[in-house]
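Inside the fold
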Amino acid sequence: MSWPVLMALAIGTLALKAIGPLLFAAHPVPPWLGETISGLPLAIFPALVASATLSPSSGMSLEERLIPAAVVLALLLLLRRKNMFGAAMIVGAAITALIHFLTS
């Protein structure tokens, strides 16, 4: 990747990050939207991890794919203890698995 492309991507990223505060500076975000936005990273991160791990192109054998299943089991145990982070991880992984199943 060349330096001009990298600089253009960096400037684009900064511009996108600046749009939010500039747009919402005069108008406060409704509480329900703020709660939804604050939970998005918890759902997006496990979805990215699950799609990278469970895809057939990842080059992983079946035994290596059982590791994420063990992680999901551990997260289910966290959910039983009312851990919302664990619940977000499970939902993200389930949505990713469903999309992967439907597109395969």
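Look above for the structure.
This write-up is about the structure you can find in this document. These numbers come from a predicted model, not from an experiment.

**Re the overall build of the chain**
Tallying secondary structure elements over the chain gives 4 helices and 0 strands in all. Tracing the chain from N to C terminus, the helices and strands come up as α-α-α-α. Buried positions account for 14% of the 104 residues belonging to the chain. Summarising the internal contacts of the chain: among those between residues at least 6 apart in sequence, 53% fall at separations of at least 24.

**Here we look at the environment of Ala-50**
By the element assignment, Ala-50 lies in helix 2 (residues 31–54). Separated by 50 residues in the primary sequence, Ala-50 and His-100 place their C-alpha atoms 9.7 Å from one another.

Conventions and cut-offs
Residues numbered from 1 in each chain as written. Predicted model: local features only at pLDDT ≥ 70, side-chain atom pairs only at ≥ 80, totals over all residues. Heavy atoms only, no water. Helix = DSSP H or I, 4+ residues; strand = E, 2+ residues; numbered from the N terminus. Buried < 20%, exposed > 50% of the residue type's maximum accessible area, 1.4 Å probe, protein only. Contact = heavy atoms within 4.5 Å.

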